[in-house]
Amino acid sequence: MSLVERDNELELLYHRLADCLAGASSVTLIGGALGLGKTALLQAVAERAAESPSTRVLTAYGNRGGQAESLDTLTQLFSGAGLAAEDQEELARLLAMGRTAALADKPCDGLVDQLPVGLLHQLAALLVRALQDRSVVILIDDTHLVDSASQQWLLHLARYLGELRAMIVLTNCEGPNPVSPLFHTELLRLPSYRRLTLKPISGTGAGRIVRMMTGEDDIELGAGFHAISGGNPLLLRALAQDRMAGGSAPGTLFRQAVFACLYRSQPHVRWTAEAVALLGDYANSALVGKLLDLGDEEVAANLDALQAMGLLVNLRFRHPDIRSAVLEACQERAQLHASAARLLYWDGLPVSVVAEHLFASGRAAEPWQVQVLESAADESADPEQAIAYLELAYQDSSDTGHRTRLALHLVQSAWRAQPASVVGGLTRLERLPQTECGTILAVAAHRFWSGNPRDAAGVLEEAISREAGRDNQIAVAAWAARMWLSTACPGLPVPPDLECADECELGVEQTRRAASVLHELLRGGCPATAAAQAEGLLRTVWLDDGMSAWAGAIAVTVLCYAERLDTAAAACDRLLEGSGRHRGREGFFAALRADIAVRQGNLPLAERYAQQAADQLPVAHWGLMAALLQGIKLVVAVGGGDLARAAVLADAPLPDALLDTRYGLRYLCRRGRYYLTAGQPNVALSDFLSAGRLVQRWGVDRPAMGEWRIGAAEAYLAIGMRAQARRLLDEQLALLGPEDHRVRGSTLRVLSALVPRHERIARLRQAADAAKTGGDRLELARVAAQLHDACRTAGQNELAKVAALQALKLADECRAVPLQRQFVAHRPADLAPSQTVEPDRLTASELRVASLAARGHTNRQIAGELHVTMSTVEQHLTKVYRKLNVRHRKELMSRMEQTV
């Protein structure tokens, strides 16, 4: 391949070769940065000289692997001289003498009298004798790496060129530590000496190289490659070869070419490149000098060499792949990162920058290093990066108290970013002293969800006893958690009141109040009062504070047990939306939202949120959470008619502690509903009655706590024990308060089977009104189905058709497959299931906005109603229109009416 933009240099070298063949000797030194084509020029001269049978070509190169042995380059030259056997013996003798002399007189930069002149002359004479009047072309690459003894012999040979027909061509890499100044000065004194300096290829030349190699006549491609390579032919050709290989350019060959440039340069140049790559955007000549312990002049010379190579422009690499290649080639990268971290720290750079270097070094044994990593983790917007920093800090920290704080910090970061992996951190935390508030609460929560609620209670009670009167913040936080635990496990004793004169932090106080309200409600408090208190708390919840967020979750639970399901759903949706990137909190709120959706009879939404919670939370290790989600999935499977899946869920093992919690109470009722649907009323009755014994033993026999009497009454009816069923239903009605509409609807529906036929329709209408007010769409569908049967039995066929259509629409909305199949014959031709508004197609927020818009509310009114911005309303409506394939509000009203 022709050398681009090297015509003048080639012409001069070929002219000197011709002079050599004619008897005129010369010395040429080709200078320039690495990769600019000096070696390619030598190869071109060698190929042209080899065409002459009367010319001997001798080649050698400087040592690139470290300190060269004396006379190493001279040995390379003589290996191609074709010496006779006796001359080879003479050469070996002379080389041995020369090496001995060089060792006796250590080399110096001045090359002063290292080897005896007589020895130099004998070596030159040996070469003359071997040539036998032929011309000789001596080509030496990287003269700056040639050992000083060989340089001395070359100077001696150059002084006596008259005795030879010789052409000597040397290459020298310009930059720091070039060829010896005395060597260069001696060359300047030679009358035949000529120096050539190579420059980078121009943009036009780069385009020619790309066109010659790839066949692509693309001006922009050539310009882009020139910008990346800085006109370095070695890098340009590597880019073109990457392009020809069909991969991306820059690619592997380009990075190898960068490595070759660095490998052939002086060590200090390579180290400077590594320092610049390591320091990145913060690199400057002063920092590079400090990092490498080099003077300003040497750093400047090294940077100039790297810029001449085409790697740098103003202390920035021309392309990220160049920086990557430099870092990959760095052999002491970890140590360099550690030095950079120390330097940058004492120079006052941001902790995020220092932490990157500490992390890359893999060590953080000093106190300031641990502090930097911890601060950087707090500032990091990348949770996974924060976890990595904290792990390194924890690994090298030796202070037990500090390790405990770091372990807690790790748990909190994992909870935010990778909640499914938090269990390992919690287990580690349990092995450390539990003296801080966050540690105590985290360990207690882990023990509870892992199926050890009594151990969790012990942790909290110990903290309350230890910290009361000493650290009231910890004591009150532990007391609030212990109060909540008594609501989750009603069999546990209620903690005694805690006297605390000091004001508590907002989140702690909110949690204390929320837990107290929930406890009071479950023990018989007024639902309306509890709901009002919960709504007040939710208006002040601050999600950036873990305790405040926990208080919000408890307040939503209060709304559920107070039968304020719509309010609870809206509040939980806001908490979910506000969770942002906190995946652990999002998982808990999703589980809570799934439970609300079950109470509302919204099976698709319940399934979606249950899966979202399972994806986020460590349910594989948290038995109680797994059982909670398992119960929700069981309800979805039964309501959807998938009894095979329901059977698998019902047969799955349960944690022993589940039945000590109110979650276990709800699970028993849900499993009992499966057995009832599967035709096993006796097994179902056992589960319902077990739930009843629990609530009665705990003293929390409220209608919302599992509705066990309704399930047991249905089981009694299925086995023909009507009197027992009626007794339970009457008890349930007597317990109901004015706000228990949802449970009242279910009770009246079951009771309709026990009243005279002429009363059945009226009783079912009462049940429908109650279910509708209570917000349970699935229960309303069941009531509509039974109302259809009652109307048809009474001969009221028109009313039966209306009830069937209502049952079908509700079944479509809830995806209650058994009801859909029961009334499929009643489906109008213009009401296919795909035309209904499917709740899982719209988010809860979108559904609320769509409902208000369908009722005729303006965007401003919707924003005021939902306490959101006008922009948020507009964004939600845009998504609603796209998902439902409607174009305007009139069409939206029509679509929404189909599910009302």
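These numbers come from a predicted model, not from an experiment. (Residues numbered from 1 in each chain as written. Predicted model: local features only at pLDDT ≥ 70, side-chain atom pairs only at ≥ 80, totals over all residues. Heavy atoms only, no water.)

Trainee: What am I meant to see in the nonpolar core here?
Mentor: Taken as a class, soluble globular proteins show a tendency for nonpolar side chains to be buried jointly. The biggest cluster of nonpolar side chains holds 255 residues, and the ones touching the most others in it are V258, F448, W484, L485 and V556. Within the second largest apolar cluster, 43 residues are counted, among which are L71, L91, A158 and L187. (Core = buried A, V, L, I, M, F, W, Y, C linked by side-chain atoms within 4.5 Å. Buried < 20%, exposed > 50% of the residue type's maximum accessible area, 1.4 Å probe, protein only.)

Trainee: Just checking my understanding: could you explain unusual backbone geometry for this structure?
Mentor: Trans peptide bonds make up most of the peptide bonds, and negative phi angles are found at most residues other than glycine. One non-glycine residue, L71, lies in positive phi territory at about 65°. Among the secondary structure elements, L71 is positioned in the loop between strand 2 (55–61) and helix 3 (72–79). One non-glycine residue, D293, lies in the positive phi region at around 60°. Structurally, the position occupied by D293 is in the loop between helix 13 (285–292) and helix 14 (296–309). (Helix = DSSP H or I, 4+ residues; strand = E, 2+ residues; numbered from the N terminus.)

Trainee: Is there a simple way to think about the packing of aromatic side chains in this case?
Mentor: Any two aromatic rings considered together are summarised by their centre-to-centre distance and by the angle between their planes. This model, assessed by the stated rule, comprises 15 aromatic pairs. When the centroid spacing of 5.5 Å and the interplanar angle of 55° are considered together, the rings of W415 and F588 count as tilted. Note that W415 is positioned in helix 20 (residues 400–417) and F588 in helix 29 (residues 583–599), a separation of 173 residues in sequence. Looking at F588, the relative accessible area reads 23%, which means it is partly exposed. With a centroid separation of 5.3 Å and 50° between ring planes, the pair formed by W449 and F588 is classed as tilted. Remark: F588 occurs in helix 29 and W449 occurs in helix 22 (residues 437–449); sequence separation between them is 139 residues. A network of ring pairs unites the aromatic residues W415, F448, W449, W484, W550, F588, W622 and Y663 as a single cluster. The ring of Y394 has R428 lying over it, and the distance from NZ or CZ to the ring centre is 4.3 Å. Above the face of the Y561 ring, R599 is positioned so that its terminal group lies 5.0 Å from the ring centre. (Phe/Tyr/Trp six-rings, centres within 6.5 Å; stacked < 30°, edge-to-face > 60°. Lys NZ or Arg CZ within 6 Å of the ring centre and 35° of its normal.)

Trainee: Would you mind showing me how to read the packing of helix 11 (residues 252–264) against helix 15 (residues 320–329) here?
Mentor: The description of two packed helices rests on the angle between their axes and on the distance between the axes. Contact pair helix 11 / helix 15: the axes reach a minimum separation of 9 Å and the direction vectors enclose 55°. Of the possible angle classes, the one that applies to helix 11 and helix 15 is oblique. Note on packing geometry: the crossing formed by helix 11 with helix 15 is right-handed. Here F254, R255, V258, F259 and L262 of helix 11 lie close against helix 15, whose contacting residues are D321, I322, A325, V326, E328 and A329. When its residues are assigned to classes, the contact of helix 11 with helix 15 shows eight nonpolar, no polar and three charged. (Axes fitted to C-alpha atoms, helices over the stretch in contact; angles between N-to-C directions. Parallel < 35°, antiparallel > 145°, perpendicular 65-115°, else oblique. Left-handed = near helix turned anticlockwise from the far one by under 90°. Contact = heavy atoms within 4.5 Å. Nonpolar A, V, L, I, M, F, W, Y, C, P; charged D, E, K, R; others polar.)

Trainee: Would you mind going over helix 37 (residues 741–751) with me for this structure?
Mentor: An α-helical turn contains 3.6 residues, so any two residues separated by three or four positions project in the same direction. Most of helix 37 is tucked away: nine of the eleven residues are buried. If you check which residues of helix 37 are buried, you get R742, V743, G745, S746, T747, L748, R749, V750 and L751. Turning to helix 37, the residues buried within the fold contact helix 28 (565–578), helix 29, helix 35 (708–718), helix 36 (722–735), helix 38 (757–774) and helix 39 (777–793).

Trainee: Where do I start with empty space enclosed by the protein in this structure?
Mentor: Scanning the model with the defined rule gives four cavities of 30 Å³ or more in all. Of the volumes computed, that of the largest cavity is approximately 440 Å³. Along its surface, the largest cavity is lined by 23 residues, and V598, R670, R673, E707 and R782 are the ones closest to its centre. When contributions to the lining of the largest cavity are tallied by element, the ones reaching two or more residues are helix 29, helix 31 (623–639), helix 33 (662–677), helix 35, helix 37 and helix 39. No other element matches helix 33, which puts four residues into the lining of the largest cavity. Taken together, the residues of the lining of the largest cavity sort by class into seven nonpolar, five polar and eleven charged. (1 Å grid on protein atoms, 1.4 Å probe; cavity = no way out; pocket = protein on both sides within 12 Å on 5 of 7 lines; lining within 4 Å. Points joined across faces, edges and corners; volume = space filled by probe spheres on them.)

Trainee: Help me out: how do you make sense of the pairing of strand 3 (residues 135–141) in this one?
Mentor: The side chains of a regular strand alternate, residue by residue, between the two faces of the sheet. With seven of seven residues buried, strand 3 lies mostly within the body of the structure. Neither face of strand 3 is open: one carries S135, V137, L139 and D141, the other V136, I138 and I140, and all of them are buried. In this view, the connection linking strand 3 to its parallel neighbour strand 4 (residues 166–173) by way of helix 6 (residues 148–159) has right-handed handedness. (Right-handed = clockwise from strand over helix to strand, strands pointing away.)

Trainee: What's the story with the packing of helix 37 against helix 38 in this structure? I'm lost.
Mentor: Put simply, helix 37 and helix 38 touch, their axes get as near as 7 Å, and they point 155° apart. The pairing of helix 37 with helix 38 is recorded here as roughly antiparallel in orientation. Here helix 37 and helix 38 pass one another in a crossing that is left-handed. Of the residues in helix 38, those in contact with H741, R742, R744, G745, L748, R749 and L751 of helix 37 are R763, L764, Q766, A767, A770, A771, T773 and G774. The residue inventory of the contact of helix 37 with helix 38, partitioned by class, reads six nonpolar, five polar and four charged.

Trainee: Just to check I follow, could you spell out the sheet that holds strand 1 (residues 26–32) for this structure?
Mentor: Sheet strands pair by backbone hydrogen bonding; their relative direction is either parallel or antiparallel. Taken together, the five strands give an open sheet; going across it, the order is 2-3-4-1-5, and neighbouring strands pair in parallel fashion. Of all strands in the sheet, those bounded by a partner on one side alone are strand 2 and strand 5 (193–197). The mean angle between the axes of side-by-side strands here comes to 15°, regardless of whether they run parallel or antiparallel. As paired elements, strand 2 and strand 3 share seven bridges and run parallel to each other. Bridge assignment links T59 to a residue of strand 3, and that residue is L139. Contacts from helix 7 (residues 181–188) reach strand 1, strand 4 and strand 5 within the one sheet, and its direction differs from that of strand 5 by about 120°. (Pairing = 2+ DSSP bridges.)

Trainee: I'm lost on the confidence of the model for the protein in this one. Help?
Mentor: Where the model shows low pLDDT, its predicted coordinates should not be examined in detail. Confidence in the prediction of the protein, expressed as mean pLDDT, is 87, and 95% of residues score 70 or more. A low-confidence stretch, residues 107–113 (pLDDT under 50), is modelled with 16 contacts involving residues beyond four sequence positions or located in other chains. Ignoring residues within four places in sequence, the model shows residues 834–840, a span with pLDDT below 50, making 25 contacts including any to other chains. (pLDDT = per-residue confidence, 0-100.)

Trainee: How should the pattern of salt bridges be read in this particular structure?
Mentor: Following the criterion strictly, the structure yields 37 salt bridges and no others. The salt bridge partner of R405 is E436, with a shortest N-O separation of 3.8 Å. Linking R405 in helix 20 with E436 in the loop between helix 21 (422–430) and helix 22, this pair joins segments that are 31 residues apart in sequence. Overlapping salt bridges bring together R673, E714, R749, E779 and R782 as one network. (Salt bridge = Lys/Arg side-chain N within 4 Å of Asp/Glu carboxyl O.)

Trainee: Quick question: what am I supposed to make of the side chain of Q369 here?
Mentor: The topology assignment puts Q369 in helix 18 (residues 367–379). The class for Q369 is buried, based on a relative accessible area of 8%. Every residue in contact with Q369, bar those within four places of it in the chain, is listed here: R342, L358, R363 and A364.

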